[in-house]
Amino acid sequence: MVGLSVTGSSQAVCLQGVSKVFHSAGQDFTALKDIQIEIPSGEFVCVLGRSGSGKSTLMNMITGIDKPTAGEVIVHGVSVGGMSEDEMARWRGRNLGIVFQFYQLLPVFSLLENVMLPMQLAGKYEPLERVQRARMLLTQVGLADQADQRPDSVSGGEQQCAAVARALANDPPIIVADEPTGNLDSVSAGMVFEVFAALAQQGKTIIMVTHDDDLAAEAHRTLRLSDGELERDAVKS
Ligand code: ADP
Ligand code: MG
């Protein structure tokens, strides 16, 4: 990836001593142990690690979907744990774009309508602007011609690109993606990865879980989790 650079120096995401213990069937299981991470704005970070190493738990800490047992998560200066559920939902809708492994597009809506939905939910942009913006975002991810198709009439890679466009709907500074290429063939995975790389180049902060070491090697930085611990934090020189 040529010309990739981190813009600005402000911290997008900061995890301070984050631990997570799950209690199930009368037993404690430590999924994250004292995680310390600072991610500057505009950085493209890939999170690696075996299944069960705590990657999704880490993502859920950053998005506020789950709360740490100890420690603090700060996103653009806001302490995620300090918000009520309502505040958190509003904050998440405006500040984070979330992409899932299985796209989770609504099947009865066109790709365009799927991308418009978060804007409608957040009450952002005027109705006409929402349509224009959704078309612009679909164009940005290479789906200008498929905007009016339903999800099941395009490929998995195209559905995931549409999900990325949807994640961008409210122009969030940070995109969090948990194994977005996990269900895709290598060509589609590469296509989705390039969309993320282009977004990082535009200044978005990208935090992406992947199993693919080759793709991860293209990011600015890789974090490797092992049994809930940050085993390795490597910045590309
Ligand atoms: P990864 O995404 O790296 O595959 P996860 O973060 O999903 O790993 O899970 C890390 C560990 O925490 C796993 O051993 C998993 O079984 C456990 N875990 C995750 N969520 C829960 C939960 N809600 N209750 C109990 N254990 C959980
Ligand atoms: Mg996972």
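(A) View of the overall build of the protein. Counting secondary structure elements, the protein contains seven helices and 10 strands. The C-alpha atoms of the protein give 17 Å as radius of gyration, which agrees with the globular expectation for 237 residues (18 Å, within 12%). Counting only C-alpha atoms and orienting by the principal axes, one finds that the protein spans roughly 50 × 40 × 40 Å. With 237 residues in all, the protein has 49% of them scored as buried. Within the protein, residue pairs in contact and separated by at least 24 positions form 71% of the contacts whose partners lie at least 6 positions apart.

(B) Focus on the nonpolar core. Grouped together as the largest cluster of nonpolar side chains are 42 residues, with contacts concentrated most on Phe44, Leu138, Val141, Val164, Phe196 and Ile206. Taken together, the elements giving at least two residues each to this core come down to strand S3 (44-48), helix H3 (111-122), helix H4 (127-140), helix H5 (156-167), strand S7 (174-178), helix H6 (186-201), strand S8 (205-209) and helix H7 (213-216). Per element, the largest residue contribution to this core is eight residues, and it comes from H6. Once you skip the residues sitting within four places of it in the chain, phenylalanine 44 turns out to touch Phe193, Phe196, Ala197, Ala200, Ile206, Met208, Ala219, His220 and Arg221. Counting 28 residues, the second largest nonpolar core, distinct from the first, contains Ile37, Val45, Met61 and Leu223.

(C) Examining the pairing of strand S6 (residues 96-99) more closely. Burial along S6 is two-sided: the face carrying Leu96 and Ile98 and the face carrying Gly97 and Val99 are both buried. Strand direction decides the pairing type here: S6 and S7, joined by four bridges, are parallel. Each residue of the ladder has a partner; that of glycine 97, found in S7, is isoleucine 175.

(D) Up close: the packing of H3 against H4. Two elements in contact, H3 and H4, have axes whose closest approach is 9 Å; the angle formed by their N-to-C orientations is 125°. With respect to H4, the element H3 is oriented oblique. Note that H3 runs across H4; the crossing there is right-handed. Contacts from Leu111, Leu112, Val115, Met116, Met119 and Gln120 in H3 reach Arg130, Val131, Arg133, Ala134, Arg135, Leu137 and Leu138 in H4. Each residue belonging to the contact of H3 with H4 can be placed in one class, and the counts come to nine nonpolar, one polar and three charged.

(E) Region of interest: H3. Among the residues of H3, those classed as buried are Leu111, Leu112, Asn114, Val115, Met116, Pro118 and Met119. One or two residues past the end of H3 sits glycine 123, with phi positive at roughly 65°.

The rules behind these values
Residue indices follow the written sequence of each chain, beginning from 1 at its first position. The naming scheme follows written order: chains are lettered A onward, ligands numbered 1 onward. Where totals are concerned, whole chains, interfaces and linings use all residues; where local detail is concerned, this predicted model gives features only for residues with pLDDT of at least 70, and gives and counts side-chain atom pairs only at 80 or more. Hydrogen atoms and water are omitted, and side-chain values are computed over all heavy atoms in the structure. The helix and strand labels rest on DSSP assignments: H or I over at least four residues marks a helix, E over at least two residues marks a strand, and numbering proceeds from the N terminus. Note that the radius of gyration is over C-alpha atoms, with the globule rule given as 2.2 Å times the number of residues to the power 0.38. Whether a residue is buried, partly exposed or exposed follows from its accessible area with a 1.4 Å probe, protein chains only, as a fraction of its type maximum: under 20%, in between, or over 50%, in that order. Throughout, a residue-residue contact means that at least one pair of heavy atoms, one from each residue, lies within 4.5 Å. Here the nonpolar core consists of buried residues drawn from Ala, Val, Leu, Ile, Met, Phe, Trp, Tyr and Cys, with membership extended through side-chain atoms lying within 4.5 Å. At least two DSSP bridges between two strands are needed for those strands to be called paired. All axes here are fitted lines through C-alpha atoms, helices being fitted over the stretch that makes contact, and every angle between N-to-C directions spans 0 to 180 degrees. Note on angle classes: values under 35 degrees are labelled roughly parallel, values over 145 roughly antiparallel, values of 65 to 115 roughly perpendicular, and the remainder oblique. Helix crossings are classified by the rotation of the near helix relative to the far one: an anticlockwise turn of less than a right angle makes the crossing left-handed, while a clockwise turn makes it right-handed. Lys, Arg, Asp and Glu make up the charged group, whereas Ala, Val, Leu, Ile, Met, Phe, Trp, Tyr, Cys and Pro make up the nonpolar group; the residues left over, Gly among them, are polar.

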